[in-house]
Amino acid sequence: MDMQSDLEGYFAHVASGAYSDIDELELNLLNRVEAELFSEDFEFHPVVMHLDALVLDDPGTSNHHVLLDRAPFEGQVLFLTHDGGTRVVFASITEFLAAADRALAEKIVLPETHPAASPRVADQVCLSELIQTLLDEDETDVVLALIPSMDLSDLALLGKLATHEDYFLGELVALEIAKRPAAALENVAHQCAAQLPPQVAQAGHRALRAIRALTAPQKTA
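So, here's what we can say about the structure.

Basis of the calculations
- Residues numbered from 1 in each chain as written.
- Predicted model: local features only at pLDDT ≥ 70, side-chain atom pairs only at ≥ 80, totals over all residues.
- Heavy atoms only, no water.
- Helix = DSSP H or I, 4+ residues; strand = E, 2+ residues; numbered from the N terminus.
- Buried < 20%, exposed > 50% of the residue type's maximum accessible area, 1.4 Å probe, protein only.
- Contact = heavy atoms within 4.5 Å.
- Areas by Shrake-Rupley, 256 points an atom, 1.4 Å probe, with all protein chains shown as cover.
- Lys, Arg positive; Asp, Glu negative; His and termini not counted.
- Charge placed at Lys NZ, Arg CZ, Asp CG, Glu CD.
- Expected span 1.5 Å × (residues − 1).
- Arc of directions from axis to C-beta.
- Phe/Tyr/Trp six-rings, centres within 6.5 Å; stacked < 30°, edge-to-face > 60°.
- Core = buried A, V, L, I, M, F, W, Y, C linked by side-chain atoms within 4.5 Å.
- Pairing = 2+ DSSP bridges.
- Axes fitted to C-alpha atoms, helices over the stretch in contact; angles between N-to-C directions.

Notes on the overall build of the protein chain
Phase 1 of the analysis: A count of helical and extended segments in the protein chain gives 10 helices and four strands.
Phase 2 of the analysis: Each helix (α) and strand (β) of the protein chain, taken in turn from the N terminus, gives the series α-α-α-β-β-β-β-α-α-α-α-α-α-α.
Phase 3 of the analysis: Over its C-alpha atoms, taken along the principal directions, the protein chain stretches across nearly 55 × 50 × 35 Å.
Phase 4 of the analysis: With 221 residues in all, the protein chain has 48% of them scored as buried.
Phase 5 of the analysis: Summarising the internal contacts of the protein chain: among those between residues at least 6 apart in sequence, 55% fall at separations of at least 24.
Phase 6 of the analysis: For the protein chain, the accessible area works out to roughly 11,000 Å², and carbon and sulfur atoms hold 52% of it.
Phase 7 of the analysis: Side-chain charges of the protein chain comprise 13 positive and 36 negative groups, with the mean position of each set lying 14 Å from the other.

Given below as structure tokens:
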């Protein structure tokens, strides 16, 4: 099924009303008309504007799930947060609907169904090109939302992010390396650790410790 077919099926489920106005679970999925109107109100937002996003819910908080339609993220669902941590959380709208079903079944708030790691997009070359374009346009807030979707193989781009004047980029790169350490990332981690802002340096040292733990001798009982 393509994205439009998935979207038709999704809105057919939402039309039942089973996912509406459940405040205690932060669950209030919008029907098609509501989603389109709500998205118009968010056209000013850099993430919505640059990633061709459709707002999917209005849970009564400052956070929203949005469906992306810009390559290489077509069909993926991003969690747009007010206080930082914006990232892609589901690879498809079908996965998002399954998460809503889980929230209902287990009586947990919808954001608690998010996976710990963002799904990696298949076309990493396209992702790198998009990130570089956004850097050139000084849209660093959007770049922050995309770094968790990188597979961390583009070392040249990671180096640029690690040393960028917006130190939030370097901090996030280091934190992602700490989550997914690899020997090939040691130089980038060093670049982060050498930055002046303490939060970047601290995250860089954390990344270095994670990388070095990969090759540390295992203690025997």
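Some thoughts on helix α7 (residues 155-162)
An α-helix turns once every 3.6 residues. As a result, residues three or four positions apart point the same way.
Phase 1 of the analysis: Within α7 the residues assigned to the buried category are L157, L158, G159, L161 and A162.
Phase 2 of the analysis: Those residues of α7 hidden inside the fold are in contact with α5 (124-136), α6 (140-146), α8 (167-179) and α9 (186-193).

Here we look at unusual backbone geometry
Outside of glycine, negative phi angles account for most residues, and trans bonds account for most peptide bonds.
Phase 1 of the analysis: Here the bond from A71 into P72 is cis, since omega is 5°, no more than 30 degrees from zero.
Phase 2 of the analysis: As for its position among the elements, P72 is in the loop between β2 (64-67) and β3 (77-80).
Phase 3 of the analysis: Even without being glycine, D52 reaches a positive phi, approximately 50°.
Phase 4 of the analysis: Note on placement: D52 falls in the loop between α3 (46-50) and β1 (54-55).
Phase 5 of the analysis: Residues other than glycine seldom take positive phi values, yet K107 does so here, at roughly 55°.
Phase 6 of the analysis: Looking at where K107 falls in the secondary structure, it is placed in the loop between α4 (93-106) and α5.

Some remarks on α4
Phase 1 of the analysis: An ideal rise of 1.5 Å per residue puts 20 Å on 14 residues; α4 measures up with 20 Å between its terminal C-alpha atoms.
Phase 2 of the analysis: For α4, every residue scored as buried is listed here: I93, F96, L97, A99, A100 and A103. An end-on view of α4 places all buried positions within 155° of arc, on one side of the element.
Phase 3 of the analysis: Buried residues in α4 make contact with α1 (3-14), β2, β3 and β4 (87-90).
Phase 4 of the analysis: Immediately beyond the C-terminal end of α4, within one or two residues, lies K107, with a positive phi of roughly 55°.

Let's talk about the packing of aromatic side chains
Phase 1 of the analysis: Applying the stated criterion to the full structure yields six aromatic pairs.
Phase 2 of the analysis: Summarising the aromatic geometry, the rings of Y10 and F96 are spaced 6.1 Å apart at their centres and angled 35° between planes, so their arrangement reads as tilted. Taken together, the residues span a long stretch of sequence, with Y10 in helix α1 and F96 in helix α4 at a distance of 86 residues.
Phase 3 of the analysis: Look at F90 and F96: their rings are 6.0 Å apart centre to centre, the planes differ by 45°, and that puts the pair in the tilted class. Like F90, the residue F96 is buried in the burial classification.

A short note on the nonpolar core
Side chains of nonpolar character tend, in soluble globular proteins, to be buried together.
Phase 1 of the analysis: Among the nonpolar cores identified, the biggest contains 72 residues, and Y10, L29, L78, F96, I131, M150 and L161 are the most heavily contacted of them.
Phase 2 of the analysis: The residues contacting Y10, other than those within four sequence positions of it, are L29, L56, I93, F96 and L97.

Thoughts on the environment of Y19
Phase 1 of the analysis: Relative to the helices and strands, Y19 is located in the loop between α1 and α2 (32-41).
Phase 2 of the analysis: Distance from Y19 to D58, taken between C-alpha atoms, is 11 Å for residues 39 residues apart in sequence.

Overview of the sheet that holds β2
Either a parallel or an antiparallel arrangement is found when strands of a sheet pair, and the pairing is made through backbone hydrogen bonds.
Phase 1 of the analysis: The sheet built from four strands is open, its strands ordered β1-β2-β3-β4 with antiparallel pairing. The two strands at the open ends of the sheet, each matched to only one other strand, are β1 and β4.
Phase 2 of the analysis: Inspection of the sheet shows β3 paired to β4 by three bridges, in the antiparallel sense. Bridging across to β4, F79 finds its partner in R87.
Phase 3 of the analysis: Against the sheet, α4 contacts β2, β3 and β4, and its axis sits at roughly 70° relative to β4.

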